[in-house]
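Residues per chain are reported as follows:
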Amino acid sequence: PRTPLLPRLPAGFVVTLPTGATGYAIASTARRRRREVAVLQVLGLTRRQAQATVGWHAAIATLVAVVIGVPLGFAIGRTLWQTLAEDLPIRYVRPDVTLALLAVGGGVVIIAALLALRPARATAREEPATLLRAE
């Protein structure tokens, strides 16, 4: 059976909005921290390690989001649906969300890693001397 278009629209919005916000946050943080990374490069940080700094930042931010945000979102959504279902003539069955939690968590980690690739490359490509010269 085909799924109607209406449930797909909010689902697409729920996926697109945080993905864009995550990409923007990673890119803007990499831009803001490029002088600190340049100082570390002058002190001996390699280009590969400079890339890893952006990757680690994205990984830690994603880990916090997955550990706190995803279960909290599921809990709030379940509570709201249960409250709504009590007012409707339907029977509420508590779903098992273990697999969904793992799938969403894994998807978030993969998306964040892909979003961090471009800012990481840009951070590693910049020459420390041009970033640190006196203006």
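Residues numbered from 1 in each chain as written. Predicted model: local features only at pLDDT ≥ 70, side-chain atom pairs only at ≥ 80, totals over all residues. Heavy atoms only, no water.

> Just give me the short version of the pattern of salt bridges, but keep the residues and values in it.
Following the criterion strictly, the structure yields three salt bridges and no others. Measuring nitrogen to oxygen at the nearest pair gives 3.4 Å for the salt bridge that ties Glu36 to Arg33. A relative accessible area of 40% places Glu36 in the partly exposed class. Between Glu127 and Arg47 there is a salt bridge, with its nearest N and O atoms 2.7 Å apart. In this pair, Glu127 is assigned in the loop between α4 (98–125) and α5 (128–132) and Arg47 in helix α3 (residues 47–87), connecting sequence segments 80 residues apart. On the basis of relative accessible area, Glu127 is assigned to the partly exposed category, the value being 41%. (Salt bridge = Lys/Arg side-chain N within 4 Å of Asp/Glu carboxyl O. Buried < 20%, exposed > 50% of the residue type's maximum accessible area, 1.4 Å probe, protein only. Helix = DSSP H or I, 4+ residues; strand = E, 2+ residues; numbered from the N terminus.)

> Run through a nonpolar patch on the surface, naming residues and quoting values.
On the surface, Trp56, Ile60, Leu63, Val64, Val67, Ile68, Leu72, Ile76 and Leu80 cluster together to form a nonpolar patch covering roughly 960 Å² of accessible area. With respect to the secondary-structure elements, Ile60 resides in helix α3. (Patch = residues over 30% accessible without salt bridge, like charges linked within 9 Å, V, L, I, M, F, W, Y side chains within 5 Å. Areas by Shrake-Rupley, 256 points an atom, 1.4 Å probe, with all protein chains shown as cover.)

> So what's going on with the nonpolar core? Which residues, and what values?
Counting residues in hydrophobic clusters, the biggest one holds six residues: Ile26, Ala30, Val54, Ala58, Ala116 and Ala120. Listed by contribution, the elements that provide at least two residues to this core are α1 (5–32), α3 and α4. Contacts of Ile26, omitting those with residues within four sequence positions, involve Val54, Ala58, Ala112, Leu115, Ala116 and Pro119. (Core = buried A, V, L, I, M, F, W, Y, C linked by side-chain atoms within 4.5 Å. Contact = heavy atoms within 4.5 Å.)

> Can you break down the packing of α3 against α4 residue by residue, with the values?
The geometry of α3 relative to α4 is characterised by a closest axis approach of 8 Å and an angle of 155 degrees between their N-to-C directions. It follows from the interaxial angle that α3 and α4 lie roughly antiparallel. Between α3 and α4 lies a crossing of right-handed hand. (Axes fitted to C-alpha atoms, helices over the stretch in contact; angles between N-to-C directions. Parallel < 35°, antiparallel > 145°, perpendicular 65-115°, else oblique. Left-handed = near helix turned anticlockwise from the far one by under 90°.)

Coordinates in, geometry out; function isn't part of it.
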